[in-house]
Amino acid sequence: MALTNIIFLLFPDTHLLDLAGPAQVFHEANDQGKEYFRLHFASYNKNLPTRQGLQFANLVHPEDLQLQKGDLVCIPGIDLSRFCEGRMDGIIQQAKKWVKQQYKKGVNIASICSGALVLAEMGMLNGVRCTTHWKCLPYAKKRYPKAAWVDDILYVLNRDIFTSAGMTAGVDMALALVEQWTNPLLAAKIAREMVINIRRVETKSQENIFLDFKNHFNADVYKAQEILADRLDARYTIKHLAKEINMSDRQLARLFKSHTNQTIQVYRENQRLEHGRQLLFNTELSIKEIAVQCGYKSTRQFTRIWKDRASLTPLESRRKNLTAK
């Protein structure tokens, strides 16, 4: 995975938690032994007050950053009353052209809490399924009727624009992005490090198979799960896996089943299908590309296994999901 730039674009009266929560998620990802993300804190004001009184200084000017496709520009929440009074119109208009330029070249755009109002003011949310803090929704729906606002949801991923509800929902969204861009077990490890649980609000079930490792403390099984999750596209056999852990394949199979209540084959299949579901519903990758990323030998194999579980082909499932949105 190429290093992804994460730019937090800050406006006056930014809420600290809306910034700190997601930033911590991406920071923790890097602390797991590999650098995935490079964080930048940018603003059109070099020095900036937060809503809680802390002052930011020496912030990077956005136009000094060179971004590429796949990077992320994220706007944390700002003070709602200041926004509604129009006292942020000038700086929003100043940032509008740059944000739109980044999106046009394939940079992902995100917001936390009332940051969605900034995106809406820029015209970025027209026709986009999106959300914001419950307190902002009545105002948002009235002022920006062209946006497809969604109630009672923590975050929405649509058209490479990611929006989340208030406060800690930004953490949930950041974890979902880590899962989508790296692997599910990394997101689960970060959640564990931050002493939180992951909610996947757009999944059919609130359960997450990648959190199963939290139910046991066997180091060998944990290592096996890490290896499997980190390389979903690799065709590991139990023999290869056991060799990496330095035990017999029979011993590993027995130990794995004892601690997870699943065979290695079933666990791996569930991982691949869950990863496939994330790619199917949250990206525009082709079915063939998804099959390859999930480690299937062919599109036909992926389609057959998916249909056995969902009673629909992957393409039919994608269309159904889009219709539901």
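Keep in mind the model is a prediction, meaning the values are calculated, not measured.

Thresholds applied
- Residues numbered from 1 in each chain as written.
- Predicted model: local features only at pLDDT ≥ 70, side-chain atom pairs only at ≥ 80, totals over all residues.
- Heavy atoms only, no water.
- Pairing = 2+ DSSP bridges.
- Helix = DSSP H or I, 4+ residues; strand = E, 2+ residues; numbered from the N terminus.
- Axes fitted to C-alpha atoms, helices over the stretch in contact; angles between N-to-C directions.
- Phe/Tyr/Trp six-rings, centres within 6.5 Å; stacked < 30°, edge-to-face > 60°.
- Buried < 20%, exposed > 50% of the residue type's maximum accessible area, 1.4 Å probe, protein only.
- Lys NZ or Arg CZ within 6 Å of the ring centre and 35° of its normal.
- Right-handed = clockwise from strand over helix to strand, strands pointing away.
- Parallel < 35°, antiparallel > 145°, perpendicular 65-115°, else oblique.
- Contact = heavy atoms within 4.5 Å.
- Nonpolar A, V, L, I, M, F, W, Y, C, P; charged D, E, K, R; others polar.
- 1 Å grid on protein atoms, 1.4 Å probe; cavity = no way out; pocket = protein on both sides within 12 Å on 5 of 7 lines; lining within 4 Å.
- Points joined across faces, edges and corners; volume = space filled by probe spheres on them.
- Salt bridge = Lys/Arg side-chain N within 4 Å of Asp/Glu carboxyl O.
- Core = buried A, V, L, I, M, F, W, Y, C linked by side-chain atoms within 4.5 Å.
- Arc of directions from axis to C-beta.

**Thoughts on the sheet that holds strand 2 (residues 37–42)**
Move 1: Taken in spatial order, the six strands line up as 2-1-5-6-10-9 in an open sheet, and their pairing is mixed. For this open sheet the edge positions go to strand 2 and strand 9 (155–158), each flanked by a neighbour on one side alone. In this sheet, adjacent strand axes meet at a mean angle of 15 degrees when their direction is disregarded.
Move 2: Here three bridges tie strand 1 (residues 4–9) to strand 5 (residues 72–75), and the two strands are oriented parallel to one another.

**Notes on the packing of aromatic side chains**
Move 1: Tallied over the full model, the rule gives ten aromatic pairs.
Move 2: Where F26 meets F37, the ring centres are 5.0 Å apart and the plane angle is 65 degrees; that geometry is what we call edge-to-face. Residue F26 is located in helix 1 (residues 16–30), and its partner F37 is located in strand 2; the two are separated by eleven residues in the primary sequence.
Move 3: Using a relative accessible area of 1% as the deciding quantity, one classes F37 as buried.
Move 4: Ring geometry for F162 and W181: centres 6.3 Å apart, planes at 55 degrees, overall tilted. Of this pair, F162 sits in strand 10 (residues 161–164) while W181 is found in helix 6 (residues 169–181), placing the two residues 19 residues apart along the sequence. Of the two residues examined, F162 and W181, each falls in the buried class.
Move 5: Among the aromatic residues, ring-to-ring pairing joins F26, Y36, F37, F162 and W181 into one connected group.
Move 6: The lysine or arginine in question, R272, covers the ring of Y296, its NZ or CZ lying 5.7 Å from the ring centre.

**A short note on the pairing of strand 1**
Move 1: Of all six residues in strand 1, six are buried, a share of seventy percent or more.
Move 2: Every second residue of strand 1 is oriented toward a common face, with T4, I6 and F8 on one face and N5, I7 and L9 on the other, all of them buried.
Move 3: Here six bridges tie strand 1 to strand 2, and the two strands are oriented parallel to one another. In the strand pairing of strand 2, I6 is matched with L39.
Move 4: Each parallel crossover has a hand, and for strand 1 linked through helix 1 to strand 2 it is right-handed.

**Remarks on the packing of helix 6 against helix 7 (residues 184–193)**
Move 1: Close contact between helix 6 and helix 7 brings their axes to 7 Å; oriented N to C, the two are set at 150 degrees. In terms of axis orientation, helix 6 runs roughly antiparallel to helix 7. Within the contact between the two elements, helix 6 uses L175, V178 and E179 and helix 7 uses P184, L186, A187, I190 and A191.
Move 2: Class assignment for the residues of the contact of helix 6 with helix 7 results in seven nonpolar, no polar and one charged.

**Some words on the layout of surface pockets**
Move 1: There is about 1,300 Å³ of room inside the largest pocket.
Move 2: In terms of lining residues, the largest pocket is bounded by 41 residues, among which Q180, W181, L279, T283 and L285 are the most central.
Move 3: Counting only elements with at least two residues in the lining of the largest pocket, the list comes to strand 9, helix 6, helix 8 (219–230), helix 11 (264–282) and helix 14 (314–324).
Move 4: Counting residues per element, the lining of the largest pocket draws most heavily on helix 11, at five residues.
Move 5: In terms of residue class, the lining of the largest pocket is built from 16 nonpolar, 14 polar and eleven charged.

**Here we look at the pattern of salt bridges**
Move 1: The final tally for this structure, using the stated rule, is six salt bridges.
Move 2: Here D13 ties to R82 by a salt bridge, and the two come within 3.5 Å at their closest N and O atoms. Here D13, found in the loop between strand 1 and helix 1, pairs with R82, found in helix 2 (residues 80–84); they are 69 residues apart in sequence, far enough to count as distant.
Move 3: Taking relative accessible area as the criterion, D13 reaches 12% and is therefore assigned buried.

**Remarks on the nonpolar core**
Move 1: Of all hydrophobic cores here, the largest spans 37 residues; its most connected members are L9, F11, V73, L119, M122, L125 and W149.
Move 2: Apart from residues lying up to four places away in sequence, V73 is in contact with I7, L9, L67, W98, V107, N108, I109 and A110.
Move 3: Grouped together as the second largest cluster of nonpolar side chains are 36 residues, V25, F26, L72 and L186 included.

**Some remarks on the environment of G123**
Move 1: Summarising the element assignment, G123 is placed in the loop between helix 4 (115–121) and strand 7 (129–130).
Move 2: The spacing of G123 and A147 is 24 residues in sequence and 8.8 Å in space, taken between C-alpha atoms.

**Here's the deal with helix 9 (residues 238–245)**
Move 1: Listing the buried residues of helix 9 in full gives L241, A242 and I245. Buried residues of helix 9 fall within an arc of 100 degrees about the axis and therefore sit on the same side. Of the residues in helix 9, the exposed ones pointing more than 90 degrees away from the buried face are K239 and K243.
Move 2: Structurally, helix 9 contributes buried residues whose contacts are with helix 8, helix 10 (249–260) and helix 11.

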